[in-house]
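What the coordinates show
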Amino acid sequence: MNLGLDALRRSGCRKEDIAVVRVPGSFEIPSQSCTLAGTGKYDAIITLGCLIRGETTHYEHIATEVTRGIGQSAQETGVPHTYGVLTCENLEQALDRAGLKAGNKGFEAAMSAVEMVGLKRRTATASKSKRKGRTTR
C-alpha cells in the first residue's frame with residue numbers, strides 16, 4: 001500500500017475524498033497542482049515525485065522550477081501544497097527516502113497536508129469569530 005495514502009486514511013480521510021493524479025514527469029507537477037487547486041474541490045495538494053541527478057545540469061534546472069512552481073501554485077491559489085518531491089543523487093538514495101532507510105517522504109508529505117488543512121480551518125474559524133465579536137460605531 002502507498003504510505004502516503006495510508007497516512008491520509010489513518011487521519012480519517014475517506015477513500016472517495018482522495019484523488020490521485022499522475023503526470024508524465026516532475027516538471028509537470030506545478031502546472032497540474034495549480035489546475036487542481038484552482039477547482040476549489042481540494043483542501044490540499046500533496047506533490048510527490050523523484051528527480052535523480054544525471055551527468056548534466058538538467059537536474060538542477062528541473063528541481064529549481066518544480067520547487068518554485070509548487071510554491072507559486074500554493075501562494076496563488078491559497079490551497080496548502082506539501083512538497084514530497086525527492087531530489088536524489090542516485091536510485092539507492094531515492095529508494096531509501098521513499099521508505100526503506102530514511103523514513104517515507106510520501107507519508108510525511110501527506111501528514112503535513114493533514115496538519116495544514118487543520119491549521120487553515122482553525123485560522124478561518126478564529127478569524128470569523130473575531131469578526132463576529134466586533135461592534136461598529
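Before any of the text, the structure's been laid out above.
Residues numbered from 1 in each chain as written. Predicted model: local features only at pLDDT ≥ 70, side-chain atom pairs only at ≥ 80, totals over all residues. Heavy atoms only, no water.

1. So, the state of the cysteines
Two cysteines, two sulfur atoms, one covalent bond between them: this is a disulfide. Across all of its chains, the model carries zero disulfides by this definition. Unpaired in this structure, Cys50 has its nearest cysteine sulfur neighbour in Cys88, at a distance of 4.5 Å. (Disulfide = S-S within 2.5 Å.)

2. Points about the nonpolar core
Ile29, Leu51, Tyr59, Ile62, Ala63, Val66, Ile70 and Val85 form the largest nonpolar core, which has eight residues in total. Ranked by residues supplied to this core, first place goes to helix 3 (residues 58-77) with five residues. Here Val85 is in contact with Ile29, Thr47, Leu48, Gly49, Leu51, Val66 and Ile70, once residues within four sequence places are set aside. (Core = buried A, V, L, I, M, F, W, Y, C linked by side-chain atoms within 4.5 Å. Buried < 20%, exposed > 50% of the residue type's maximum accessible area, 1.4 Å probe, protein only. Helix = DSSP H or I, 4+ residues; strand = E, 2+ residues; numbered from the N terminus. Contact = heavy atoms within 4.5 Å.)

3. A look at the side chain of Asn104
Residue placement: Asn104 occurs in the loop between helix 4 (91-97) and helix 5 (105-133). Within polar-contact distance, the side chain of Asn104 engages the backbone nitrogen of Gly106 at 2.9 Å. (Polar contact = N/O pair within 3.5 Å; in protein donor to acceptor, adjacent residues only side chain to side chain.)

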